[in-house]
Amino acid sequence: MKLRRSMMFVPGDNAGMLSNSYIYLPDSVMFDLEDAVSIAEKDTARLLVYNTLKAKIYGDIETVVRINGVDTPFWEADLEMAVRGGAEVIRLPKTENVNEVKELEIKIGKIEKECGREFGSTKIITAIESASGVVNAVEIAACSSRMVAIALAGFDYLVDMQTERSSGTEPELFFARATVLHAARAAKIDAFDVAYGNVNDEEGFMREVNIAKNLGFNGKSLIHPRQIELLHKAYKPTQPELDHAKKVIEAAKTAEEKGLGVVSLNGKMIDPPVIQAAQRVILLADYS
Ligand SMILES: CC(=O)SCCNC(=O)CCNC(=O)[C@H](O)C(C)(C)COP(=O)(O)OP(=O)(O)OC[C@H]1O[C@@H](n2cnc3c(N)ncnc32)[C@H](O)[C@@H]1OP(=O)(O)O
Ligand SMILES: O=C([O-])CC(=O)C(=O)O
Ligand SMILES: [Mg+2]
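This report concerns the structure included in the present document. (Residues numbered from 1 in each chain as written. Chains lettered and ligands numbered in written order. Predicted model: local features only at pLDDT ≥ 70, side-chain atom pairs only at ≥ 80, totals over all residues. Heavy atoms only, no water.)

### Considerations on the coordination of the magnesium ion (ligand 3)
Piece 1. Distances from the magnesium ion (ligand 3) to its protein donors, E129 (OE) and D156 (OD), fall at 2.0 to 2.2 Å. Separated by 27 residues along the polypeptide, E129 in the loop between β5 (123-128) and α5 (131-135) and D156 in helix α7 (residues 154-160) bring together distant segments of the chain. (Donors = N, O, S within 2.8 Å, 3.2 Å for Na, K, Ca; no water. Helix = DSSP H or I, 4+ residues; strand = E, 2+ residues; numbered from the N terminus.)

### As for the site of ligand 1
Piece 1. The immediate surroundings of ligand 1 are formed by 15 residues, with F9, R66, I223, H224 and R226 found nearest.
Piece 2. The side chain of R66 places a nitrogen or oxygen atom 3.1 Å from an oxygen atom of ligand 1.
Piece 3. Within the backbone of I223, one N or O atom sits 2.8 Å away from a nitrogen atom of ligand 1.
Piece 4. Protein contacts shield 57% of the accessible area of ligand 1, which totals 950 Å² for the unbound molecule.
Piece 5. Here the shell around ligand 1 gets four residues from one element, more than from any other, and that element is strand β1 (residues 6-11).
Piece 6. Classifying every residue of the shell around ligand 1 by side-chain character gives 10 nonpolar, two polar and three charged. (Near = heavy atom within 4 Å. Polar contact = N/O pair within 3.5 Å; in protein donor to acceptor, adjacent residues only side chain to side chain. Areas by Shrake-Rupley, 256 points an atom, 1.4 Å probe, with all protein chains shown as cover. Nonpolar A, V, L, I, M, F, W, Y, C, P; charged D, E, K, R; others polar.)

### Looking at the pairing of β5
On a regular strand, each side chain points to the face opposite its neighbour's, so the side chains alternate between the two faces of the sheet.
Piece 1. For β5, the buried fraction is high: five of the six residues fall into the buried class.
Piece 2. Strand direction decides the pairing type here: strand β4 (residues 89-92) and β5, joined by four bridges, are parallel. Looking at the pairing, I90 lines up with I124 of β5.
Piece 3. The handedness of the β4 to β5 crossover, carried by helix α4 (residues 98-115), is right-handed.
Piece 4. In this sheet, strand β6 (residues 147-152) lies alongside β5 in parallel orientation, the contact comprising five bridges. Of the residues in β6, the one forming a bridge with T126 is I150. (Buried < 20%, exposed > 50% of the residue type's maximum accessible area, 1.4 Å probe, protein only. Pairing = 2+ DSSP bridges. Right-handed = clockwise from strand over helix to strand, strands pointing away.)

### With respect to the side chain of E62
Piece 1. Checked against the element boundaries, E62 lands in strand β3 (residues 62-66).
Piece 2. The exposure class assigned to E62 is buried, which follows from its relative accessible area of 6%.
Piece 3. A distance of 2.9 Å separates polar atoms of two side chains, one belonging to E62 and the other to R4.
Piece 4. Ignoring sequence-local partners within four residues, the contact set of E62 consists of K2, R4, M7, D27, S28, V29, E88 and V89. (Contact = heavy atoms within 4.5 Å.)

### A short note on the sheet that holds strand β8 (residues 219-222)
Piece 1. Read around the closed barrel, eight strands run β1-β2-β3-β4-β5-β6-β7-β8, paired in parallel fashion. Sheet twist, expressed as the mean angle between neighbouring strand axes with direction ignored, is 25 degrees.
Piece 2. Bridge count between strand β2 (residues 28-32) and β3: five bridges; the pairing is parallel. Residue pairing across strands places S28 opposite E62, the latter belonging to β3. (Axes fitted to C-alpha atoms, helices over the stretch in contact; angles between N-to-C directions.)

As structure tokens, this is what we get:
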């Protein structure tokens, strides 16, 4: 199991951040060549990210490169650099439809063959940032065997929807969150919730983390190291949750020995979905 709770953006033109972001231990690091980098710095950023990838300083942290969108003049050069550099995952921003992913997939395969990288080893994450992307999310999530996750990108999405992020339960994001999440689960890939832009607002960030976690997202895209530990702590099962999960598994074993399909633990029904949920808690605790 690859744990993908935190995926931290690092601006591709910031040499300092590129060279030391591993110290913060996100599950995945995302070197950004898109909106965090001005047009004037695109070439410099591409080279900096290539050298960072080649330096192989990220160890077990998954390396992701956010290239520019397929409707820009930058994406092919970005992709050459990222695949040749050894990026584990390419994040495609502003994905609107399956054709864009297919175009990306063909190009990745070509570069892998040219540079001697194992065919299929470069994975894809698509970011959904518009109404069209949300409407097509189910097909997008399932359209490539390289796809490991789909992310909702709230900033661009809300601009496209002609609204703004509110506080509270964020009803403006509900349909997109639910759709992207269903797309991910149906395709058996991971799902990332939106990035939270106010790095000093811990309360607002935690409110979003809890929405994402309760809906069932694997994690969030992050923009600041301070957000990593908060997120990991929220996703780690608590000791009482872990103790309860272990009791559920014990009760299930006893039920099986007695040939019973369903038993109760402290008055609560224990049946296959409850057992599966307990197994997931134990797995998450083991890995976090
Ligand atoms: C809508 C979108 O497209 S979102 C994606 C694009 N945006 C991004 O990539 C932005 C990523 N984040 C950042 O660039 C920064 O966090 C900012 C600009 C928001 C704030 O940066 P700062 O003002 O430097 O933050 P702050 O002073 O709190 O930083 C503390 C330390 O964390 C480091 N840091 C902050 N953010 C990051 C990051 N994303 N990656 C790596 N290191 C970081 C800083 O370099 C600093 O390190 P130091 O103590 O060794 O000097
Ligand atoms: O992809 C992301 O998480 C950030 C982003 O570009 C957006 O929200 O528009
Ligand atoms: Mg965006």
